[in-house]
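# Observations on the three-dimensional arrangement
Listed here are the chains, written in short residue letters.
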Amino acid sequence: MQKWMVLAKKADFYGIGRKFGVDPVIARVIRNRERISEEEIEQYLHGGMNQIYSFQLMKGMEKALELLLEKIGEKKKIRIIGDYDIDGVCSTYILLIGLKKAGAIVDIDIPDRIKDGYGISKELIDLAYQAGTDTIITCDNGISAMEQVAYAKSLGMTVIVTDHHEIPYEEQEDGSIKTILPPADAIVNPKQEGCRYPFKGICGAMVAYKLICGLYEKNGFPKEAQEEFIEFAAIATVGDVMDLQDENRIVVKEGLRRMKNTKNYGLRALIRVNHLEEAELTGYHIGFVLGPCINASGRLSTAKKALNLLLCKDEKKAQELAEELKALNDSRKEMTQKGVEQAEKLVETTELKEDRVLVIYLPDCHESLAGIIAGRIRETYNKPVIVLTKGKDGVKGSGRSIETYHMFKELVKCKDLLSKFGGHPMAAGLSLPEENIEAFRRALNKKCTLTQEDMMEKVLIDVPMPISYVTLPLIRQLSLLEPFGKGNNKPVFAEKNIKITQCRIFGKNKNVVKMKLYDKNGICMDGVWFGDGEAFVNEIQEKERWSIAYYPSINTYNGRESIEIIVQNYI
């Protein structure tokens, strides 16, 4: 079931259009993105790196920088402990390069997803201690590592935590919230209480980037020296599915611009093996092409391969590493598809289908694929999904949520059944004893307050707009709204009474349908649908006229440009 809703936010669209030189349709989309004042619209359309926030606003930053400058001056050994996903890899890269250039004696360690699990662990601390490490700095992890940080401190090590995840808390008897922080020497996380940083929605790599900005400034480095990290902060922001709002949007826009001519051998090779040299890089390419290759190393091998690619200074070696990561990602795709099919079969053939929160146990599935499979199942059923897999020490899982369900807070309600958990409103990781699976599933659903309306797929329409209004100049203006992604979705337009004819199915998997679209006045446009081609063609035979939600694009063939309407939904 779908619920179509028109975003009917009011403003002087013609006035905004005249002021900023855009079509009133573009003005309406900007207003729908909650940009109201002229300053906000100006930043949205033309915001630059001079508008991102200072590192000085972040709580704990001065203490962290003071400690790092002291350790660098004393030639103490520093070890970065990152994470195995795209944000962790980019965070580790930024800190490693930045600290080295600031004169630090520094190395890295990244946990093995299977052996070590998420974040800093006692085993990684022991390895650091044995290597003579004086100071551990975490990135994209550590905010929940109470025992681990305390253990490192007991060995006499200094610990700096840089993270962006939710701050752990306990609900008191009176209903108040008590936050719990690890006993680190410095904590840099914009979500911690009392932090003045204006935008809390940054990823771990952005926190790392701010730290290096501060370190460079303290060392008197020119501002331009910070610029080499922007593209990696951008990759992590998109890859970790952060909202593309505020400074995130600026950094991603700037990072994408720089990636086209990146000086990083590894990133250049990764772009090349994915045949994107001539492409106009967008958030889609990070999220669905390049990012998954970086993530694949941490899923099926070791994330150190992805880090080594970014650190590579030899073009031939970079090419080999990039090809290896692409091959890993291709293998990951096949394994994922099998897992999705198993998960769908379980939901369709068991009582799980009646649950509002889907807890799916796939004991033989590679645990690194749980989050991807959860995301696919969420798309199918529009419900929160947690996929569990069997590991050496119990059961591990990854969850993906919907906008109306704060997954981290819901896991807090069931924490007595879990060994470990952490995450965001929209995603989480957890572990638990195998014998607790059924109790966990029942508890989550018992405490769930989602209604049927909450779980209904919502199609938010920016502008009801006739396809006859679409022109090539209007489509080009739509590029001003990029980059698109979470928090800045691609605009959706809609028109009623569309006749769909001359459907032709293309593609090896029969997942592309080309067609002709006729409005009620007989105006014709080329259309395309991406999805199950045969199902689409069969369904549109059911009636003569349809309402379509769409996005207009430019199709270039043999040097000629034409308008193509991408059909996204139909009822």
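Each remark here, short or long, concerns the structure printed above.
The notes below deal with the structure included here. The shown structure was predicted, so the numbers you read here are calculated from the model rather than taken from an experiment.

### A word on the overall build of the protein
- Helices and strands together make up the secondary structure of the protein, namely 19 helices and 20 strands.
- Relative to the globule expectation of 25 Å for 571 residues, the C-alpha radius of gyration of the protein, 25 Å, shows essentially globular dimensions.
- Seen through its C-alpha atoms, the protein measures out along the principal axes to roughly 80 × 55 × 55 Å.
- Each of the 571 residues in the protein was classed as buried or not, and the buried ones make up 53%.
- Accessible surface for the protein amounts to roughly 26,100 Å². Of this, 49% is attributable to carbon and sulfur atoms.
- Each charge class in the protein was averaged separately, 80 positive and 82 negative side chains, and the resulting centres sit 2 Å apart.

### Describing empty space enclosed by the protein
- Tallying each qualifying case throughout the model produces one cavity of 30 Å³ or more.
- Residue lining of the largest cavity: R35, Q43, Y44, D246, R249 and I250, and that is the complete set.
- Put simply, the parts of the chain that give the lining of the largest cavity at least two residues each are α3 (38–46) and α10 (246–259).
- A total of three residues in the lining of the largest cavity trace back to one element, the largest contributor, which is α10.
- Tallied by class, the residues present in the lining of the largest cavity amount to two nonpolar, one polar and three charged.

### Comments concerning helix α12 (residues 283–300)
- For α12, with 18 residues, the first-to-last C-alpha span of 24 Å sits near the 26 Å given by 1.5 Å per residue.
- Of all the bends in α12, the greatest, near 50 degrees, is centred on G291, and the proline P292 appears no more than four residues after it.
- When you tally the buried positions in α12, you get 14 out of 18 residues, the bulk of the element.

### Quick word on the sheet that holds strand β9 (residues 358–361)
- The five strands are arranged β9-β10-β11-β13-β12 in an open sheet whose pairing can be described as mixed. Across the chains shown, the open sheet's two edge strands, defined by having one partner strand only, are β9 and β12 (420–423). On average, adjacent strands in this sheet sit at an angle of 15 degrees to one another, irrespective of strand direction.
- Bridge count for strand β11 (residues 394–400) against strand β13 (residues 427–432) is six bridges, and the pairing is antiparallel. When the sheet's bridge partners are listed, V395 is paired in β13 with L432.

Cut-offs applied
- Residues numbered from 1 in each chain as written.
- Predicted model: local features only at pLDDT ≥ 70, side-chain atom pairs only at ≥ 80, totals over all residues.
- Heavy atoms only, no water.
- Helix = DSSP H or I, 4+ residues; strand = E, 2+ residues; numbered from the N terminus.
- Rg over C-alpha atoms; globule rule 2.2 N^0.38 Å.
- Buried < 20%, exposed > 50% of the residue type's maximum accessible area, 1.4 Å probe, protein only.
- Areas by Shrake-Rupley, 256 points an atom, 1.4 Å probe, with all protein chains shown as cover.
- Lys, Arg positive; Asp, Glu negative; His and termini not counted.
- Charge placed at Lys NZ, Arg CZ, Asp CG, Glu CD.
- 1 Å grid on protein atoms, 1.4 Å probe; cavity = no way out; pocket = protein on both sides within 12 Å on 5 of 7 lines; lining within 4 Å.
- Points joined across faces, edges and corners; volume = space filled by probe spheres on them.
- Nonpolar A, V, L, I, M, F, W, Y, C, P; charged D, E, K, R; others polar.
- Expected span 1.5 Å × (residues − 1).
- Bend = angle between axes of the 7 residues up to and from the residue.
- Pairing = 2+ DSSP bridges.
- Axes fitted to C-alpha atoms, helices over the stretch in contact; angles between N-to-C directions.

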